[in-house]
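Each chain is listed here by its residues.
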Amino acid sequence: MYRFLLTPRWWGINLFVVLAIPFCVFMGTWQLGRFEDRVQSHEQAEKQPDPSTRAAKPLDELLPVDKVTSGRPAVATGTYADQFLVPGRELDDRRGFYVLNMLRTDSGKALPVVRGWLPGSASGARVPAAPEGEVTVTGDLQASENARSKGVDVRGGLPGGQVGMISAATLVNLVPYDVYDAWVTLPEAEAGGTGGAMKPVPAAAPEGSGLDLKAFQNLGYTGEWFVFAGFVLFMWFRLVRREAEAVRDIALGLVPEDPAGAPEAPAAPGAQEAPDDPSAPGAADAARKAPVAP
């Protein structure tokens, strides 16, 4: 009854099932591993002391920024140069903007420094001037932002003097000097000027170190892949069952089989099949017996 499984058509179906189920199981297992890694990273981060409480180190010793060095106090010395405003940033459920200054160091590179946050719109805003002369800043180290970072504006079209993303790839196109692939945020408020006192911007947790939305997305994808595997197996059994029932009906003579091997639909009760060839035996008798319209 199940010899049809060896036909070319069913070879293709069987091959698809054999490949699809392991692939779905593999992808589901991989997504589950990603979720478990995020949970483990979150647990390890909670056991570690607050990065901001550790001793400050020179900037170059903490680069490149990773999950260990992110949030660590970094020390850099230089002079403030260009200033930019970063609009659309929220703090304490209020909308405002960051005040970002480029600190040119002796190495020739500039370190983006977020001096603070101010409420309101960045357009036409008056902000406190940056300190003049050589300064030494100590700020919490942060990795360059990307399109997935919270508050980032990737639409472009911002007025001059504003940037939507704190990133070396963005800032290097706006200034005539190299930029560190990192930035710092000052943990203490600066004295206010005509624009008012700026609030310090707290350091953000490193990406992928907490149970954020992405972690639960991984868990959701895990369930989806396992459901796909079960659905493929269910459909295969259903197709096999339907085919087996059709073969059984043909074997019992319930459904005639056409020359091509497919079941032939039964004729309606009382219907007579008219011969296709008028010269065939019995064709003339059938024509004489046919009723004539008045």
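It should be emphasised that the depicted structure is a prediction, and the values quoted were computed from it without experimental measurement. (Residues numbered from 1 in each chain as written. Predicted model: local features only at pLDDT ≥ 70, side-chain atom pairs only at ≥ 80, totals over all residues. Heavy atoms only, no water.)

### Concerning the overall build of the protein chain
Note the threshold: Working definition: helices are DSSP H or I runs of at least four residues, strands are E runs of at least two. Numbering for both runs from the N terminus. Buried residues are those whose accessible area, probed at 1.4 Å on protein chains only, stays under 20% of the maximum for their type, while exposed residues exceed 50% and partly exposed ones sit between those limits. The method behind every accessible area is Shrake-Rupley, applied with a 1.4 Å probe, and residues are considered shielded solely by the protein chains displayed.
The helix and strand inventory of the protein chain stands at 5 helices and 6 strands. Ordered by position from N to C terminus, the α and β elements of the protein chain give α-β-α-β-β-β-β-α-β-α-α. Across the 294 residues that make up the protein chain, the buried fraction comes to 31%. Entry remark: accessible area of the protein chain is about 18,500 Å², with carbon and sulfur atoms responsible for 58%.

### Here's the deal with the confidence of the model for the protein chain
Convention followed: As a per-residue measure, pLDDT reflects the predictor's confidence and takes values from 0 up to 100.
Summing up the model confidence of the protein chain, the mean pLDDT is 81 and the portion of residues at 70 or higher is 77%. Averaged pLDDT values for the elements of the protein chain fall to 50 in helix 5 (residues 283-289) and rise to 96 in strand 6 (residues 183-185).

### With respect to the pairing of strand 3 (residues 94-105)
Put simply, the test is: By the convention used here, strands pair only if DSSP detects at least 2 bridges between them.
Within strand 3, 9 of the 12 residues are buried, which leaves the element mostly enclosed by the surrounding structure. With 11 bridges connecting them, strand 2 (residues 73-91) and strand 3 associate as antiparallel partners. Note on strand 3: the bridge partner recorded for Gly 78 is Thr 105. Hairpin connection of strand 2 to strand 3: 2 residues between the antiparallel strands, including Asp 92 at a positive phi of 55°. Summarising the sheet, strand 3 and strand 4 (residues 110-119) pair through 9 bridges and their orientation is antiparallel. Residue pairing across strands places Met 102 opposite Pro 112, the latter belonging to strand 4.

### Observations concerning the side chain of Glu 145
The following threshold applies: Residue contacts follow a heavy-atom distance rule, with two residues in contact if any of their heavy atoms lie within 4.5 Å.
As for its placement among the helices and strands, Glu 145 is situated in the loop between strand 5 (134-142) and helix 3 (168-171). Judged by relative accessible area, which is 10%, Glu 145 ranks as buried. Not counting residues up to four positions away in its chain, the partners in contact with Glu 145 are Arg 89, Val 152, Met 165, Ile 166, Ser 167 and Trp 183.

### Examining a nonpolar patch on the surface
Using the following cut-off: Candidate patch residues must exceed 30% relative accessible area and have no salt bridge, after which like charges are joined if within 9 Å and Val, Leu, Ile, Met, Phe, Trp or Tyr side chains if within 5 Å. Every case where a carboxyl oxygen of Asp or Glu lies within 4 Å of a side-chain nitrogen of Lys or Arg is listed as a salt bridge.
Where nonpolar side chains cluster on the molecular surface, the patch consists of Leu 15, Val 18 and Leu 19 and spans about 310 Å² of accessible area. On the secondary structure map, Leu 19 appears in helix 1 (residues 8-47). Residue class for Leu 19 comes out exposed when judged on its relative accessible area of 54%.

### Overview of the pattern of salt bridges
Taken as a whole and judged by the stated rule, the model has 5 salt bridges. A salt bridge links Lys 199 to Asp 92, with the shortest nitrogen-to-oxygen separation between them at 4.0 Å. You can see Lys 199 sitting in the loop between strand 6 and helix 4 (213-251) and its partner Asp 92 sitting in the loop between strand 2 and strand 3, a full 107 residues away along the chain. A residue is classified by how much of its surface remains accessible, and Lys 199, at 35% relative accessible area, is partly exposed.

### Digging into the nonpolar core
The following threshold applies: To qualify as a nonpolar core, a set must consist of buried Ala, Val, Leu, Ile, Met, Phe, Trp, Tyr and Cys residues joined through side-chain atoms within 4.5 Å.
If you look at the biggest cluster of nonpolar residues, it comprises 18 residues, and the most contacted ones within it are Phe 84, Tyr 98, Leu 100, Met 102, Val 114, Ile 166 and Leu 171. Among the elements of the structure, strand 2, strand 3, strand 4 and helix 3 are those that each provide at least two residues to this core. The residues touching Leu 171, leaving out its near neighbours within four places in the chain, are Phe 84, Leu 100, Met 102, Pro 112, Val 163 and Val 179. Listed in part, the 17 residues of the second largest apolar core include Tyr 80, Val 113, Ala 130 and Tyr 180.

### With respect to the packing of aromatic side chains
Note the threshold: Between 30 and 60 degrees the pair is tilted, below 30 it is stacked and above 60 it is edge-to-face, where a pair is any two Phe, Tyr or Trp rings, Trp via its six-membered ring, whose centres lie within 6.5 Å.
Tallied over the full model, the rule gives 4 aromatic pairs. Judged by centre distance (5.8 Å) and plane angle (90°), the rings of Trp 225 and Phe 228 are edge-to-face. Taken together, the positions of Trp 225 and Phe 228, both in helix 4 and 3 residues apart, correspond to about one turn of that helix. Between Trp 236 and Phe 237, the aromatic rings sit 5.1 Å apart at their centres with planes inclined by 75°, giving edge-to-face as the arrangement.

### Re the pairing of strand 4
Of all 10 residues that make up strand 4, 9 are buried, and the element is covered over most of its length. By the bridge criterion, 2 bridges tie strand 4 to strand 6 in an arrangement that is parallel. By the bridge assignment for strand 6, Val 114 is matched with Thr 185.

### Re the environment of Asn 101
Under the convention used in this document: Definition of a polar contact: a pair of N or O atoms within 3.5 Å, with one able to donate and the other able to accept a hydrogen when the atoms are protein atoms, and with sequence-neighbouring residues admitted only if both atoms are side-chain atoms.
Inspection of the secondary structure assignment puts Asn 101 in strand 3. Between the alpha carbons of Asn 101 and Val 113 there is a distance of 5.2 Å; along the sequence they are 12 residues apart. Excluding its chain neighbours within four sequence positions, the residues that come into contact with Asn 101 are Tyr 80, Ala 81, Asp 82, Gln 83, Leu 111, Pro 112, Val 113, Arg 115 and Ala 130. A polar contact is formed between the side chain of Asn 101 and the side chain of Arg 115, at a distance of 3.0 Å.

### A word on unusual backbone geometry
Across the chain, the bulk of peptide bonds are trans and the bulk of non-glycine residues have phi less than zero. With an omega of -5°, the peptide bond running from Leu 63 to Pro 64 counts as cis. Unusually for a residue other than glycine, Asp 92 sits at a positive phi of about 55°. At Asp 93, a position not held by glycine, the phi torsion is positive, near 65°. For Asp 93, the location among the structural elements is in the loop between strand 2 and strand 3.

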